[in-house]
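# A structural walkthrough
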Amino acid sequence: MNDLNIQETERTPEIKLSVSDGVFSIRGESFPEDVSAFYGQVIESIDLLKENIPDRFQVIIELIYTNSSSIKALYRIFEGFESIRQGGGNLDILWYFQEDDDIMEELGEDFHDRFPDLKINVKPKN
Amino acid sequence: MADQSFDLYDREKQLLAEGKVVLGTNNPKGVLNYSKRLYKDFSRVVRENEDLTRHSDRQERRLVKLNKNLKIQTKELDSRKTELEELSGQLGKYLPPQIHEALFRGDYDTKVATQRKKLTVFFSDIKNFTQISESLQPEALTDYLNEYFSEMTKIAVRHGGTIDKYIGDAMMVFFGDPESKGERDDARSCVLMAIEMHEKLQQLQHNWRKRGFENPFEVRMGINTGYCNVGNFGSEQRLTYTIIGGEVNVAQRLEANAPVGGILMSYETFAHVQDLVEAEQLKAMRMKGIGRDIKVFSVKARKNNGVVKLIEYESAKGVSISIDLNSINRKDRSGLARQLKMGLKKIEEE
């Protein structure tokens, strides 16, 4: 019902949400021209999950580059995950970074510290 | 697909709007509640701001590093480019300019391959070069020979000729490959080149005499138009871009039979330039390996087509005047006329 299937572009990542499979993923680079317009639907879809919390939910973040505005949007998305967790949802979050990409690794760690209730596993992509 | 109504800062904006209302009511309870919410949200915004600033600093660090690397790489590339340009310039001196340019444009095929093509072939040779070389210091000989080849090469290039090679004191040029203006214009360019070379040589001889070169180079020239094999000869390891064939030999024989300071051409060339130059037909020649008599023409001068464009005067006493009015503009003409008048006055006064 809230499923998403946003194709990757030069400036925006691929975003997929399958409620029935309990999977959400973001892959690619993120520097949209209008961050609110691009991430609005994603934030709203995640917020809607609070009303129908899945038993298990797998989140995969695999960003190569993200600008500061996109990070602000990611906070909102992660706040949505936090609400799902607080509502009893079982989330498993994998934050992948490219080997040698210390910026995305450290950003993953920042999210890990910022959302201590979420299980965020920061690891290099093999 | 994009959500135009969503605002990423909706919560912050909403809180600010509420604050405006609450602070206007003077309701202490309302203000207290609002302060608590404001404190909570402000704490979140400060945390976000700290994280974002940290992220921004990391990005900036990476950019600075990338920029440094880019500068180093650009410097290295510039230096490599300069090296390659210098190398290209050096290599270019060993190749016909057209082939050099085509190679660096990337549209020249370096396969061993030839084709038959109608070309106009030019040969020139310095008379008695061996004797002259014995009478000059090697350094002086090198200087004069290089000056001669440099000037002749400039003329050949300007007329679109492909300089095949320098063979000792001889020069071989052809027209029609790799670029051709059509066989008629190729032949015309070649003959005009030969005439200009002849004129330039007269200037050089004058200058050389002044510099102490008592019996300066005198040159024979021969031109023939005909089918030749042109292209890359040799092996995959070592190639020579050149021409071969009986018609090449005809051009060389014509040169060998030309009078000193003369230009001989075959009928095949003459047919293309008869409206352009005055020529005298000589006795036909039989050449070894050529199955026909070669009709021979001696180039005398450019045709003026009713308009006097060339003033020439020569005397045995080392006086040589050659003025091509076609190549002098109006301003230079009046300057030249003034100088000639002064010269005339001086001659008459002596």
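Computed from a predicted model, the values in this text were never measured in an experiment.

## Digging into the pairing of strand β3 (residues 170–175) of chain B
The side chains of a regular strand alternate between the sheet's two faces. Residues and elements named next belong to chain B. Of all six residues that make up β3, five are buried, and the element is covered over most of its length. Of the pairings in the sheet, the one linking strand β1 (residues 114–126) to β3 comprises five bridges and is antiparallel in character. From the neighbouring strand, Val121 faces β3, where its bridge partner is Phe174. In terms of strand pairing, strand β2 (residues 162–167) meets β3 through five bridges, oriented antiparallel. By the bridge assignment, Tyr166 is partnered in β3 with Met171. Counting the residues in the hairpin turn of β2 and β3 gives two residues, including Gly168, whose phi is positive at 65°.

## Some words on the sheet that holds strand β4 (residues 56–66) of chain A
Whenever strands of a sheet pair, they do so through backbone hydrogen bonds, lying parallel or antiparallel. Residues and elements named next belong to chain A. Strand order in the open sheet formed by six strands is β1-β2-β3-β4-β5-β6, and the pairing between neighbours is mixed. The open sheet terminates on both sides in strands that have one partner only, identified here as β1 (4–6) and β6 (120–125). Across the sheet, the mean angle separating the axes of adjacent strands is 15° when strand polarity is ignored. Two strands pair when backbone bridges link them, and strand β2 (residues 14–18) and strand β3 (residues 23–30) are joined in this way by five bridges, in the antiparallel orientation. What sits directly across from Leu17, in β3, is Phe24. Against the sheet, helix α3 (residues 102–114) makes contact with β4, β5 (90–98) and β6, and its axis sits at roughly 170° relative to β6, the strand it touches most.

## Some details on the interface of chain A and chain B
Across the boundary between the two partners, chain A contributes 21 residues, which contact 17 residues of chain B. At the level of elements, α1 (35–48), α2 (68–86) and α3 of chain A are the ones that each hand at least two residues to the side of chain A that touches chain B. Sorting elements by how many residues they give to the side of chain A that touches chain B places α1 of chain A first, with nine residues.

Conventions we followed
- As a convention, each chain's residues are numbered from 1 in the sequence order in which they are written.
- Each chain takes a letter, starting from A, and each ligand takes a number, starting from 1, following the order in which they are written.
- Side-chain atom pairs in this predicted model are given and counted only at pLDDT of 80 or more, local residue features only at pLDDT of at least 70, and totals for whole chains, interfaces and linings cover all residues.
- Three classes are used. A residue is buried when 20 or more other C-beta atoms lie within 10 Å of its own, exposed when 12 or fewer do, and partly exposed in between, with C-beta atoms placed from the backbone.
- A run of DSSP states H or I qualifies as a helix once it reaches four residues; a run of E qualifies as a strand once it reaches two. Both are numbered from the N-terminal end.
- One requirement defines pairing of two strands: DSSP has to find at least two bridges between them.
- Lines fitted to C-alpha atoms define the axes here, with helix axes fitted over just the stretch in contact, and angles between the N-to-C directions of these axes take values from 0 to 180 degrees.
- We call two residues in contact if the C-beta atoms placed from their backbones are at most 7 Å apart.

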